[in-house]
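# Working through the structure, step by step
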Amino acid sequence: MKNVIFDCDNTYGVPDCDVDDGLTLIYLLGNKDVNLLGVTTTYGNNKVEVVYPNTLKMIKELKVEELPVLKGGKNPEDLDNEASDYLVKMANEYKGELSILATGSLTNLYGAYLKDNTFFEKVKEIVLMGGITKPLIFAKREMDELNFSCDPMATYTVLTKGKNVSVITGNNCLKVLVTREDYERELSDYSNPIVSYIKNSTDYWFDYNLDKFGINGTYNWDVTAASYLMHPEYFKDDLYKMKLSVEDLRRGFLNIDEDNNCVLNLPIIDNEELYNKDIYDTWKSVKI
């Protein structure tokens with residue numbers, strides 16, 4: 001059993017915004033080996049003023065209103081907030097046993113560190129989605145990195161001060177395309193309420209990707225990070241020495257260099273079949 005805090009920029013169901021944080025929340029709720037301690041909200045896909053109420057709405061729809069949802073910082077300067085307070089509190093209550101999954105800007109984690117400089121020493125592991133090691137080419141066009149570049153100082157601090165940090169990079173997420181055909185096949189049982197909920201809330205995202213990028217599918221960006229947290233056996237660990245700088249992180253760039261100031265794990269999906277099966281099975285197991 002893993003004690004998890006999910007720090008995210010959830011815009012599931014918000015027009016023209018990504019759905020992967022919401023699908024990650026559903027994945028965590030469906031995983032019997034997760035003790036989800038709370039969701040701390042941040043910015044990235046949209047403003048925290050959108051993310052926070054949207055997450056409250058989602059947990060109500062999923063009938064898990066008892067799950068704590070905390071509002072985080074609205075920008076890199078907004079470090080003293082209820083989300084960072086909660087992270088510090090949980091790190092103390094679950095000292096050495098707290099896993100953090102973070103899929104948006106890292107402002108809340110940085111705020112927790114500034115409140116308690118021993119914060120990272122108390123956290124068992126951190127799994128992040130973000131960063132690039134080379135240009136991120138998506139449908140033959142280069143995309144900007146989002147999560148790490150939102151707050152480069154926070155990112156620099158988490159990556160250089162954090163212990164046991166694994167990063168699912170944008171580049172490594174591109175290994176597995178979620179096709180619309182696979183999605184329709186796996187989520188075809190409309191007698192299961194969670195299937196209807198997922199399909200009704202995410203179909204637009206396939207249309208968006210097709211219209212904007214010409215791709216008949218999407219990528220499980222944040223869900224991949226959750227998959228690694230729960231099933232590292234589906235991945236191949238890949239440790240790199242990194243020479244990081246705040247300036248490089250303004251574009252989310254992770255500089256691999258022997259003259260390093262940290263070592264990061266950049267896992268790669270190794271068993272695509274089990275990875276995909278687990279995600280769909282876990283989603284479909286959620287009761288609402």
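Described in the following lines is the structure provided in the data block. (Residues numbered from 1 in each chain as written. Predicted model: local features only at pLDDT ≥ 70, side-chain atom pairs only at ≥ 80, totals over all residues. Heavy atoms only, no water.)

Our focus in this paragraph is the overall build of the protein. Scanning the protein from terminus to terminus reveals 13 helices and 14 strands. Dimensions along the principal axes, computed over C-alpha positions, put the protein at roughly 50 × 45 × 35 Å. Counting across all 288 residues of the protein, residues that qualify as buried make up 58%. Contacts spanning at least 24 positions in sequence make up 77% of the contacts within the protein whose residues lie at least 6 apart. Working note: accessible area of the protein is about 12,100 Å², and carbon and sulfur atoms make up 48% of it. (Helix = DSSP H or I, 4+ residues; strand = E, 2+ residues; numbered from the N terminus. Buried < 20%, exposed > 50% of the residue type's maximum accessible area, 1.4 Å probe, protein only. Contact = heavy atoms within 4.5 Å. Areas by Shrake-Rupley, 256 points an atom, 1.4 Å probe, with all protein chains shown as cover.)

With that settled, consider the packing of aromatic side chains. If you walk through the whole model with that rule in mind, you get 10 aromatic pairs. The interplanar angle of 85 degrees and the centroid separation of 5.5 Å between the aromatic rings of Y280 and W283 together place this pair among those described as edge-to-face. Separated by 3 residues within a single helix, Y280 and W283 lie in helix α13 (residues 272-284), roughly one turn from each other. Across the pair, W283 and Y280 agree in class, each one buried. What links up through ring pairs into an aromatic cluster is the set Y113, F119 and F120. (Phe/Tyr/Trp six-rings, centres within 6.5 Å; stacked < 30°, edge-to-face > 60°.)

Under the counting rule described, the total for this entry stands at 16 salt bridges. The shortest N-O distance in the salt bridge between E125 and K2 comes to 2.9 Å. One end of the pair, E125, is in strand β5 (residues 123-129); the other, K2, is in strand β1 (residues 2-8), and 123 residues separate them in sequence. This pair shows no difference in class: E125 is buried, exactly as K2 is. Among the salt bridges present, the one from E247 reaches R250, with a minimum N-O distance of 3.2 Å. (Salt bridge = Lys/Arg side-chain N within 4 Å of Asp/Glu carboxyl O.)

Right, let's talk about the side chain of N192 for a bit. Within the secondary structure, N192 sits in the loop between α9 (180-186) and α10 (193-213). Of the residues examined, N192 reaches a relative accessible area of 17% and is grouped as buried. Among the polar contacts listed, one links the side chain of N192 to the backbone oxygen of K284, at a separation of 3.0 Å. (Polar contact = N/O pair within 3.5 Å; in protein donor to acceptor, adjacent residues only side chain to side chain.)

Trans peptide bonds make up most of the peptide bonds, and negative phi angles are found at most residues other than glycine. Of note, the phi angle at K63 is positive, near 60 degrees, even though the residue is not glycine. Of note, K63 is situated in the loop between α2 (48-61) and β3 (69-71). Residue N164 is not a glycine yet carries a positive backbone phi of 55 degrees. The topology assignment puts N164 in the loop between α7 (152-161) and β8 (165-168).

Nothing here speaks to function; it is geometry throughout.
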